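Take a look at the letters that make up each chain.
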Amino acid sequence: MARTRLEEVSSQRDALVKLAQIIRKGSIDSRIVQAARAITRGVSARDDDGELAAIFDAVKNGTDRVRWLSDGVRYVADPYSYDTYTTVNAMIEQCANGACAGDCDDMTILIGSLAAALGFKVGARAWGEGRSGDYSHVYAVAAVPKNGPWPSDYYGTALDPTMPNSYVGWEPSGGHIITAWIE
């Protein structure tokens, strides 16, 4: 199935765990591994920040190194009444067919899968305003350096290409967050 509709998810934590599972599966897709390596081809060896910047830029703005990602991924919202997640396989097919677009969940899956394919510890982070427990946005996070060590309260580097002026490390201000790391 190209798009997964998640209904009756008991909590935001459960939704993030499901996203993490989709990212894990996407990170071993041979086309994602090949794309991640092509995107970072010009980055110096062991330059973790450079690799994340290259992946972020490719998803946000496009790259001539991966045909299906030449124009990047355009943000489009899900239908109002429900949330869907696009697998990397479906995203690659859509992009190859000239329909390279998705919402924050889709970009979280793609950018997280690309980073994980290069050995980064990645996760999904939900953000929300208002009452604690209400979340309206999600984005990928990656641990730097790739091989740690990281403190027990490690926060990670945000990778949110959905906002026009965002950059590696940018996050929405205020509000509250919850993060699920792929272990």
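Residues numbered from 1 in each chain as written. Predicted model: local features only at pLDDT ≥ 70, side-chain atom pairs only at ≥ 80, totals over all residues. Heavy atoms only, no water.

**Q** Hey, could you go over the packing of aromatic side chains for me, with residue numbers and the actual values?
**A** Within this structure, the stated rule accounts for 2 aromatic pairs. Residues Trp 150 and Tyr 154 carry aromatic rings whose centres are separated by 6.4 Å and whose planes lie at 40 degrees to one another, so their mutual orientation is tilted. The class of Trp 150 is partly exposed, set by a relative accessible area of 27%. Tyr 154 sits in the partly exposed class, given a relative accessible area of 23%. Aromatic pair Tyr 154 and Trp 181: ring centres 6.1 Å apart, planes at 40 degrees, arrangement tilted. Remark: Trp 181 occurs in strand 8 (residues 176-181) and Tyr 154 occurs in the loop between strand 6 (137-142) and strand 7 (157-159); sequence separation between them is 27 residues. The ring of Tyr 155 has Arg 125 sitting right over it, with the charged end atom 4.0 Å from the ring centre. When the ring centre of Phe 120 is taken as origin, the NZ or CZ atom of Lys 146, which lies over that ring, is 4.9 Å away. (Phe/Tyr/Trp six-rings, centres within 6.5 Å; stacked < 30°, edge-to-face > 60°. Buried < 20%, exposed > 50% of the residue type's maximum accessible area, 1.4 Å probe, protein only. Helix = DSSP H or I, 4+ residues; strand = E, 2+ residues; numbered from the N terminus. Lys NZ or Arg CZ within 6 Å of the ring centre and 35° of its normal.)

**Q** Which residues make up the side chain of Glu 171, and what values go with them?
**A** One can find Glu 171 in the loop between strand 7 and strand 8. On the basis of relative accessible area, Glu 171 is assigned to the buried category, the value being 18%. Among the polar contacts listed, one links the side chain of Glu 171 to the side chain of Arg 125, at a separation of 3.0 Å. Among the polar contacts made by the side chain of Glu 171, one reaches the side chain of Tyr 139 at a distance of 2.4 Å. Sequence-distant contacts of Glu 171, that is, excluding residues within four places in its chain, are made with Arg 125, Tyr 139, Tyr 155 and Ala 158. (Polar contact = N/O pair within 3.5 Å; in protein donor to acceptor, adjacent residues only side chain to side chain. Contact = heavy atoms within 4.5 Å.)

**Q** Mind laying out unusual backbone geometry, listing which residues take part and the relevant values?
**A** The peptide bond linking Val 144 to Pro 145 adopts the cis configuration, its omega dihedral lying at 5 degrees. Note that the residue after Gly 148, namely Pro 149, is joined by a cis bond; omega there is 0 degrees. Despite not being glycine, Arg 46 shows a phi value in the positive range, around 65 degrees. Residue position: Arg 46 is located in the loop between helix 2 (30-39) and helix 3 (48-61). Judged by its relative accessible area of 79%, Arg 46 falls in the exposed class.

**Q** Explain the pairing of strand 8 to me, and be specific about the residues and the numbers.
**A** Every other side chain in a regular strand lies on the same face of the sheet, so the side chains alternate between the two faces. Counted residue by residue, strand 8 has 5 buried out of 6 residues, so it is predominantly covered. For strand 5 (residues 122-128) and strand 8, the ladder comprises 6 bridges, and the chain directions are antiparallel. Residue pairing in the sheet places Ala 124 in a bridge with Ala 180 of strand 8. (Pairing = 2+ DSSP bridges.)

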